[in-house]
Amino acid sequence: VDARRNAFACDQAYHHATHAVSVELHWDFYSKACPEDPQPDLASIWQRALPASLLGFPVLAFSPCDQLAHLADHLLHHRLALRLRAYVDVALYLQGLDRSPSASALQEASARWNIGRAVPFIVRFVDALLGCPSEIAGWTPDSAAEGQQRQQLAEILFRLPASETMAGEATFLRLRGATGLARLGHAVSRVFMPRDYLALRYPPARHRLGLPLAWALRAWDLFALNREHAQQVTTHARSAQNDLCDAAARHA
């Protein structure tokens, strides 16, 4: 399937035969698969891009503030459930800058990426977590709420869920207090997804006659992936409830 013409895709893996590591090629930041995620102002972001070189080829690179915003945006896209390396990347990038950005510039970048106060929050969190304070001019004093949120994030950073569990945590959060009928309706909606979405994961969906088989494969995959965790959630198992409390904190 040509993912470039699919509204539910914005990236594709590329692997060269002579390299061990694949590269994720992106042509957009978000797809219809994540309609709730904020959309960045790409025109404004690219206007601030700077000429750079990659493997001898001319490219455009984000401005320093937009690069920090991109790192923060990536953390938010994964609901802050990336491993410690993602936060170390922010610290390393800050340390590699010739001049630290101002607090106002970081907030402006946060606005361009439509992520509220995420950039200042992530930078402050990295400073506190790794003990490498940034020379950022114009910081306003911490609010009590922000300090509490940073402490909360530090506590849950080291008990992140497995990736297969995290994939459905937003659904479990939404449905843990729902009625049985609401849960059934959601399950049905997750099986009978738009054909373009199914075509990315189930080859039979690329042809209309193959849709019934794609639906069956989708139903089995969802059942196999979520059966154990759904049982834990519905029976109020302590480990599942703790995971959901951590997920609720990260989502908030």
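It should be noted that the structure appears before, not after, this text.
Residues numbered from 1 in each chain as written. Predicted model: local features only at pLDDT ≥ 70, side-chain atom pairs only at ≥ 80, totals over all residues. Heavy atoms only, no water.

Colleague: What exactly am I supposed to notice about the pairing of strand E3 (residues 50-54) here?
Modeller: In regular strands, side chains alternate between the two faces of the sheet. Across the 5 residues of E3, 0 count as buried, placing the element largely on the outside. As defined by bridge partners, E3 adjoins strand E4 (residues 57-61) across 5 bridges and the pair is classed as antiparallel. Residue leucine 54 lies in a different strand from E4, and its bridge partner there is phenylalanine 57. Turn length for the E3-E4 hairpin, with the two strands adjacent in sequence and antiparallel, is 2 residues, and the turn residue leucine 55 shows positive phi of about 55°. (Buried < 20%, exposed > 50% of the residue type's maximum accessible area, 1.4 Å probe, protein only. Helix = DSSP H or I, 4+ residues; strand = E, 2+ residues; numbered from the N terminus. Pairing = 2+ DSSP bridges.)

Colleague: I keep staring at the nonpolar core and nothing clicks. Help me out?
Modeller: Within soluble globular proteins, side chains that are nonpolar tend to cluster in buried spots. In this structure, Tyr87, Val119 and Ile122 are the most contacted members of the largest nonpolar core, which totals 39 residues. Contributing elements (two or more residues each) for this core: helix H2 (64-77), helix H3 (84-96), helix H4 (103-112), helix H5 (118-130) and helix H6 (144-156). In terms of residue count, H5 provides more of this core than any other element does, 7 residues in total. Excluding residues that lie within four positions of it along the chain, tyrosine 87 makes contacts with Leu75, Leu80, Leu82, Phe125, Val126, Leu129, Leu130, Leu153 and Leu157. Membership of the second largest hydrophobic core comes to 9 residues, among which are Tyr197, Leu198, Ala199 and Ala205. (Core = buried A, V, L, I, M, F, W, Y, C linked by side-chain atoms within 4.5 Å. Contact = heavy atoms within 4.5 Å.)

Colleague: Would you explain the packing of aromatic side chains in this entry?
Modeller: Centre distance and the angle of the planes are the two values used to describe a pair of aromatic rings. Enumeration over the complete set of coordinates arrives at 6 aromatic pairs. Summarising the aromatic geometry, the rings of phenylalanine 8 and tyrosine 197 are spaced 5.6 Å apart at their centres and angled 80° between planes, so their arrangement reads as edge-to-face. Residue phenylalanine 8 is located in the segment before strand E1 (11-14), and its partner tyrosine 197 is located in helix H10 (residues 195-201); the two are separated by 189 residues in the primary sequence. According to the relative accessible area criterion, tyrosine 197 is buried, its value standing at 9%. Clustering of aromatic rings is evident, with ring pairs tying together Trp46, Phe62 and Trp113. The cationic tip of arginine 124 hangs over the ring face of tryptophan 139; the distance from NZ or CZ to the ring centre is 4.3 Å. When the ring centre of tyrosine 197 is taken as origin, the NZ or CZ atom of arginine 201, which lies over that ring, is 4.3 Å away. (Phe/Tyr/Trp six-rings, centres within 6.5 Å; stacked < 30°, edge-to-face > 60°. Lys NZ or Arg CZ within 6 Å of the ring centre and 35° of its normal.)

By themselves, these figures tell us nothing about what the structure is for.
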